[in-house]
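Descriptive analysis of the structure
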Amino acid sequence: MKWLWRIGFLMLSLSLVLKPASAQQNQPISRDIVSEHTITQLKLDGNWLAWRTWRTDFVNYTSELLVTNLATGTSVSVGSIQGQTYDFFIANGRVIWRDNQSIYRYDLATQTSTTLQTPRHPDQMRWTVAGDWLVWLEVTGTIPEITNSIWKLHLSGNQAPILVGSEQATIYGTDSLQSDGEIISWSYGTQNAGKYGYCSEIHYLAFDGSQAPKKLAEAECNATIKQNILLNKRFYYCKNKNLYAKTLENTENLINENNCHFDIVSGFAASQNFLVAVNYTTENRPNFDLVGFDVRQKSMFRIDHFAYSDNNRPSISIHNSVVAWSDHRGAKPVIHVRPIAEVVPTAPRQANDPLVANRSYYPESMHSLGGLFEQYWQKNGGLAVFGYPLSEEFSQVNADTGKTYTVQFLERQRYEHHPELAGTPYEVSLGRLGAERLATLNRNWQNEGDSSAGSEQLPGQCQHFATTDRKVCGAFLSYWQSHGLDLGEPGVSYAESLALFGLPLTAPHMEINPDGDRVLTQWFERARFEWHPDNPAQFQVQLGRLAAEQIPSLGW
């Protein structure tokens, strides 16, 4: 089958919509690329996006490989082929792809293409690209004497292929060949698992071939680890609806629980500290989300939402600080390209964003509230106590319990949904943001001296809290006692105040707050009280915007 080559850089008549963003080369770009044909795969590399389309006249079908310069918005066709499809990679200014005959290299700078010489037929090997190297795994021999051999070839094309290593193989095959330039890894079938495919384990070796292949043996049959992603020397995969990370030392860590329904057909991708994946919202798969996962914060968040349809299933890619995904829901297919900063939970939303549909939208903060969190907000003090929402809902691992909860940040608090407490007043709970903020500031409140210090600055009645050995006095005590969560008790009870603010952690001290004001301040488990004597009486005690101050520590 012959390639239908375009001569040079043929500019396509694609409709390009440039979102408000800088077009400078060194800044992430927001862009929507509209295609005339179905988008079947895409991959990012810096300011370049490579993508593949598919079209048919009901007799023959044609695949086409295209490249878009995200800084300028111009797209070019690298080539097209009839009657077959192909895989491709883009790295370091080169597009590498193959058909059923050869492997090709296209240099973006020189606009030239070359056929690469490899010792095996392309259909007989798994392959990937790591920087300037083409890496592949080939299977030779016959049952029962099979060998997996790992090769690499420098993409300059002026060196001979190098054998990195080899191992004796089983009949159950390999999957997930990957490399980060330091190691090469693949999943390895160990035995038949019946209707679940085959049990697998991860194998890897040094990129320079300085060690023989090593294996991360599984204690029991693991049929899902064959689809894994390598990121920062860890392998991420779903198992029993949980997201796990396995280290090179073969330790397995639970990263996020009961939220992992990744679609292995669409696969998932990773770069720097983020994973992106297509994640089914329920086990019977009526709908699915495009999700991001911050491995530092152990947080999963929704980027887009789709109704279940094979035609709607997006292709995805991520590179450095940019994510891209295809979208076939409109009249024409579209590729959305967004900086990660525009899709994380704290990124501002527009009122017409489908992800905030059927929720209360607050233009003051450009975020929304809905469901149990909105009911809780309205019932327990609303704007005055909690402030506006500063994020959308997402799932996060609680540092105290190790459990995964749906959370949302407001100006002064972090809401957590605890389904195990359904039907109780604590189904929505508040984060210990006072304690967390002190820890972020490297303040050990237990070592901060006299428990009575500063109380003379707040004349009036005092109450001693034996658990933390702290006193709360005067106006601070009055505010603490007159505000609380609605637990159904008469008035405002001690338990209701404790549920809202928690115990006092520090004595009152003069501190500089984030606005630069020097004010009398006392920290509680879930709040920071500030004394502003020049304000009208009802506003003399102010609550610090703890959640707003803590959000930057997320790195978003």
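Conventions we followed
- Residues numbered from 1 in each chain as written.
- Predicted model: local features only at pLDDT ≥ 70, side-chain atom pairs only at ≥ 80, totals over all residues.
- Heavy atoms only, no water.
- Axes fitted to C-alpha atoms, helices over the stretch in contact; angles between N-to-C directions.
- Helix = DSSP H or I, 4+ residues; strand = E, 2+ residues; numbered from the N terminus.
- Parallel < 35°, antiparallel > 145°, perpendicular 65-115°, else oblique.
- Contact = heavy atoms within 4.5 Å.
- Nonpolar A, V, L, I, M, F, W, Y, C, P; charged D, E, K, R; others polar.
- Salt bridge = Lys/Arg side-chain N within 4 Å of Asp/Glu carboxyl O.
- Buried < 20%, exposed > 50% of the residue type's maximum accessible area, 1.4 Å probe, protein only.
- pLDDT = per-residue confidence, 0-100.
- Pairing = 2+ DSSP bridges.
- Polar contact = N/O pair within 3.5 Å; in protein donor to acceptor, adjacent residues only side chain to side chain.
- 1 Å grid on protein atoms, 1.4 Å probe; cavity = no way out; pocket = protein on both sides within 12 Å on 5 of 7 lines; lining within 4 Å.
- Points joined across faces, edges and corners; volume = space filled by probe spheres on them.
- Phe/Tyr/Trp six-rings, centres within 6.5 Å; stacked < 30°, edge-to-face > 60°.
- Lys NZ or Arg CZ within 6 Å of the ring centre and 35° of its normal.
- Arc of directions from axis to C-beta.

Considerations on the packing of helix α4 (residues 474–482) against helix α5 (residues 494–501)
- Axis separation between α4 and α5 bottoms out at 7 Å; the angle between their running directions is 105 degrees. Taken together, α4 and α5 sit at an angle that is classed as roughly perpendicular. Mapping the contact onto sequence places Y479, W480 and Q481 in α4 and Y494, S497, L498 and F501 in α5.
- Among the residues forming the contact of α4 with α5, the class breakdown is five nonpolar, two polar and no charged.

With respect to the pattern of salt bridges
- Taken as a whole and judged by the stated rule, the model has 27 salt bridges.
- Close ionic contact of R55 with E64 constitutes a salt bridge, the shortest N to O distance being 3.2 Å.
- The exposure class of R55 is partly exposed, given its relative accessible area of 25%.
- Residue R443 is joined to E511 by a salt bridge in which the shortest nitrogen-to-oxygen separation is 3.1 Å. Residue R443 is located in the loop between α3 (433–440) and β36 (462–465), and its partner E511 is located in strand β38 (residues 509–512); the two are separated by 68 residues in the primary sequence.
- In this structure R443 comes out as partly exposed when scored by relative accessible area, which is 24%.
- E511 gets classed as buried once you look at its relative accessible area, which sits at 15%.
- Taken together, the shared-partner salt bridges connect R94, R105, D107 and D132 into one network.

So, the confidence of the model for the chain
- Per-residue confidence for the chain gives a mean pLDDT of 88; residues scoring 70 or more make up 91%.
- Across residues 1–25, confidence stays below pLDDT 50; counting only partners more than four residues off in sequence or on other chains, it has 69 contacts.

As for the sheet that holds strand β4 (residues 48–56)
- In spatial order, the strands read β3-β4-β5-β6; together these four strands make up an open sheet with antiparallel pairing. With one partner strand each, in any of the chains shown, β3 (38–45) and β6 (75–82) form the two edges of the open sheet. Sheet twist, expressed as the average angle between the axes of neighbouring strands with direction ignored, equals 15 degrees.
- Judged from the seven bridges that link them, β3 and β4 form a sheet pairing that is antiparallel.

Some thoughts on the side chain of T68
- One can find T68 in strand β5 (residues 61–69).
- A distance of 3.0 Å separates a polar atom in the side chain of T68 from a polar atom in the side chain of W51.
- Discounting residues that sit within four places of it in the chain, T68 has contacts with I33, N47, W48, L49, W51, G73, T74 and S75.

Some thoughts on the layout of surface pockets
- In this model, the second largest pocket occupies a volume close to 910 Å³.
- Taken together, 31 residues make up the lining of the second largest pocket; nearest its centre are R338, E342, R349, D353 and P354.
- Mapped onto the lining of the second largest pocket, the elements with two or more residues apiece are β2 (31–34), β26 (299–307) and β29 (334–339).

Some details on empty space enclosed by the protein
- Taken as a whole and judged by the stated rule, the model has one cavity of 30 Å³ or more.
- Of the volumes computed, that of the largest cavity is approximately 70 Å³.
- Lining the largest cavity are V385, F386, R412, Q413, L500, F501, R526, A527, L543 and G544.
- Elements with a contribution of two residues or more to the lining of the largest cavity: α2 (382–386) and α5.

Quick word on unusual backbone geometry
- If you check the backbone angles, Q272 has positive phi at about 55 degrees while not being a glycine.
- Here Q272 is to be found in the loop between β23 (268–271) and β24 (274–280).
- A relative accessible area of 42% places Q272 in the partly exposed class.
- Phi at N442 takes a positive value of approximately 60 degrees, unusual for a residue other than glycine.
- By the element assignment, N442 lies in the loop between α3 and β36.

A few points about the packing of aromatic side chains
- Counted under the stated rule, the structure contains 27 aromatic pairs.
- Considering the side-chain rings of F394 and F409, the 6.2 Å spacing of their centres and the 10 degrees angle between planes classify their relative orientation as stacked. Of this pair, F394 sits in strand β32 (residues 394–397) while F409 sits in strand β33 (residues 404–409); the two residues are 15 residues apart in sequence, bridging distant segments of the chain. You'll find F394 and F409 in the same group, each marked buried.
- Members of the aromatic cluster, each reached through a chain of ring pairs, are F274, F301, F394, F409 and W556.
- Just above the ring of Y244 sits the side chain of K239; from NZ or CZ to the centre is 5.0 Å.

What to know about the environment of N273
- Within the element layout of this structure, N273 appears in the loop between β23 and β24.
- A relative accessible area of 23% places N273 in the partly exposed class.

Quick notes on helix α1 (residues 371–379)
- Every buried residue of α1 is listed here: F373, E374, Y376 and W377. Relative to the axis of α1, the buried residues are bounded by an arc of 160 degrees and lie together on one face. Set apart from the buried face of α1 by more than 90 degrees, the exposed residues are Q378 and K379.
- Buried residues belonging to α1 abut β30 (360–362), β31 (367–369), α2, β33, β34 (414–417) and β35 (428–430).
- Just downstream of α1, G381 is the residue with a positive phi angle, here 120 degrees.

Observations regarding α5
- Among the residues of α5, E496, S497, A499, L500 and F501 are the ones counted as buried.
- Immediately downstream of α5, the backbone of G502 shows phi near 80 degrees, a positive value.

Points about the pairing of strand β17 (residues 198–206)
- When you tally the buried positions in β17, you get nine out of nine residues, the bulk of the element.
- Sheet analysis places strand β16 (residues 183–192) next to β17, joined by nine bridges and oriented antiparallel. Residue Y188 lies in a different strand from β17, and its bridge partner there is E201.
- Pairing geometry for β17 and strand β18 (residues 214–216), over three bridges, is antiparallel. Bridged to Y204 within β18 is K214.

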